[in-house]
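Now for the letters of each chain:
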Amino acid sequence: MTTQLSSLEAQLTALQTEANEAIAQVTSLDDLEQLRIKYLGKKGSLSQVLGSMGKLSAAERPRIGALANDVKEALQNNLEHKKAALQAAQIEAQLAAETLDVTMPGVFRVQGRSHPLSSTIEKALDIFVGLGYTIAQGPEMETDYYNFEALNTPADHPARDMQDTFYLPDGNLLRTHTSSVQIRYMETNEPPIRIAAPGRVYRRDTVDATHSAVFHQIEILAVDEGLTFTDLKGTIKEFLAAMFGEIPIRFRPSFFPFTEPSAEVDVQWKGRWLEVLGCGMVDPNVLKAVGYDPEIYTGFAAGFGVERFAMVLHQIDDIRRLYSSDLRFLRQF
Ligand code: DAH
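What you are looking at is a predicted structure, and each value in this text was computed from that prediction instead of being measured.

Novice: Mind showing me how you'd approach the pairing of strand E8 (residues 272-282) here?
Specialist: Side-chain direction in a regular strand flips from residue to residue, so the side chains alternate between the two faces of the sheet. With eight of its eleven residues buried, E8 lies for the most part within the structure. Relative to E8, strand E7 (residues 259-269) runs antiparallel, the two sharing nine bridges. Within E8, the residue paired with Trp269 across the bridge is Arg272. Connecting E7 to the antiparallel partner E8 that follows it, the hairpin turn spans two residues, and Lys270 within it adopts a positive phi of roughly 50 degrees. In terms of strand pairing, E8 meets strand E9 (residues 298-305) through five bridges, oriented antiparallel. Paired with Met281 across the strands is Phe300, a residue of E9.

See below:
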């Protein structure tokens, strides 16, 4: 055996020992990869040792070749095992870090609830839907035609003074009542009609405990052959009983340009009569305006203020409370 040969053998054995020790020490996959490059890479230690094989005799080369292969294979195995172990440990650590502690206290989230105006609208609409009505809607910005003209209220009509209107610079207006939806609906539908139309309306009222410049109404309209005032009365009675329970109500003769005859309805509340809605038989002129034949069809309509209803239902003394965002007030409902 030449000294060259034994020296190479010693180098290979030393390389293996050194590499095994280094692999044992490593704690990260990155460092492990660095070691693989250092020992087994193209320019790594093993290649360098083998580089000096040229100095060996042809007979000696296979021996070193075989030993080098054994060392290489052993190191590759060792690297593989270490890699698998490090990966397993990494997953283990990740799982431990992401463990859910189901015994920890949860995050408290405040539960929202329906605003009294919304729940009042919902309750009223539920009742009408139960009576066979469908829900209709119309725009809040209206033309003079839908808000007044088609509702039998021409420009010089004294009834226009009943409602102080917000006019817009372009000649349109903010609707003063949901009655405008009657016209829009009838224009695009044929009798029989049963609709309930909730929505926001606007008036130039001075704000106080019972007035607001913006408030809500629900309009109802029924058009069919042979509808009479008795049908109107029965519907209103049924509705108010479902809304407030069996409390005393009374019909009072009244006037609206779009109904004839017209009535206002009061309910007894806290020992006095409180007006809650206007209603009447649809004026033949209104039916004519949408192209219905008043000789064939009759109809009844009603409009009521949602705020008034909510105040009665919940004993609210000031309408302004309904528009303030005071949570101490709102949490009561
Ligand atoms: N539009 C009326 C108002 O705002 C309320 C009203 C009265 C509506 C009689 C109707 C009705 O449909 O028939 O004061």
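That was the structure; now back to the text.
Novice: Help me understand the pairing of E7 in this model?
Specialist: For E7, the tally of buried residues reaches eight of eleven residues, placing the bulk of the element in the interior. Judged from the seven bridges that link them, strand E6 (residues 249-256) and E7 form a sheet pairing that is antiparallel. From the neighbouring strand, Pro253 faces E7, where its bridge partner is Ala263. Between E6 and E7, which pair antiparallel and follow one another directly, the connecting turn spans two residues.

Novice: How should the site of the ligand be read in this particular structure?
Specialist: Looking at the ligand, there are 16 residues lining it, with His177, Ser179, Arg203, Gln217 and Glu219 nearest. With respect to the ligand, the side chain of Ser179 contributes an N or O atom lying 3.0 Å from a nitrogen atom. For the ligand, an oxygen atom lies 3.2 Å from a polar atom in the side chain of Gln182. For the ligand, whose accessible area on its own is 350 Å², the fraction buried by protein is 92%.

Novice: When you look at the pattern of salt bridges in this model, what are you seeing that I'm missing?
Specialist: Applying the stated rule across the entire model yields twelve salt bridges. Salt-bridge contacts for Arg200 lead to Glu140; the nearest nitrogen and oxygen are separated by 3.9 Å. On the criterion of sequence distance, the pair formed by Arg200 in strand E4 (residues 193-202) and Glu140 in the loop between strand E1 (134-135) and strand E2 (141-142) is long-range, its members being 60 residues apart. Overall, the relative accessible area of 28% leaves Glu140 in the partly exposed class.

Novice: Honestly, a negative patch on the surface in this entry has me stumped. Any pointers?
Specialist: Together, Asp161, Asp164, Asp205 and Asp208 make up a negatively charged patch on the protein surface. Relative to the elements of secondary structure, Asp161 occurs in the loop between helix H6 (144-147) and strand E3 (173-174).

Novice: Before we go on, may I ask you to explain the nonpolar core in this structure?
Specialist: Judged by nonpolar contacts, the single largest core of 40 residues is most densely connected at Phe239, Leu240, Leu277, Phe300, Phe304 and Phe309. Contributing elements (two or more residues each) for this core: helix H5 (116-130), strand E5 (214-224), helix H8 (229-244), E7, E8, E9, helix H10 (306-314) and helix H11 (327-330). Beyond its immediate chain neighbours, meaning those up to four positions away, Phe304 contacts Ala124, Phe128, His216, Gln217, Ile218, Phe239, Val276, Leu277 and Phe309.

Novice: I would appreciate a short explanation of the environment of Gly305 in the present structure.
Specialist: Mapped onto the elements, Gly305 comes out in strand E9. Spatially, the C-alpha atom of Gly305 lies 86 Å from that of Gln76, the residues being 229 residues apart in sequence. Apart from residues no more than four positions distant in its own chain, Gly305 is found in contact with His216 and Val276.

Rules behind the numbers
- Residues numbered from 1 in each chain as written.
- Predicted model: local features only at pLDDT ≥ 70, side-chain atom pairs only at ≥ 80, totals over all residues.
- Heavy atoms only, no water.
- Buried < 20%, exposed > 50% of the residue type's maximum accessible area, 1.4 Å probe, protein only.
- Helix = DSSP H or I, 4+ residues; strand = E, 2+ residues; numbered from the N terminus.
- Pairing = 2+ DSSP bridges.
- Near = heavy atom within 4 Å.
- Polar contact = N/O pair within 3.5 Å; in protein donor to acceptor, adjacent residues only side chain to side chain.
- Areas by Shrake-Rupley, 256 points an atom, 1.4 Å probe, with all protein chains shown as cover.
- Salt bridge = Lys/Arg side-chain N within 4 Å of Asp/Glu carboxyl O.
- Patch = residues over 30% accessible without salt bridge, like charges linked within 9 Å, V, L, I, M, F, W, Y side chains within 5 Å.
- Lys, Arg positive; Asp, Glu negative; His and termini not counted.
- Charge placed at Lys NZ, Arg CZ, Asp CG, Glu CD.
- Core = buried A, V, L, I, M, F, W, Y, C linked by side-chain atoms within 4.5 Å.
- Contact = heavy atoms within 4.5 Å.

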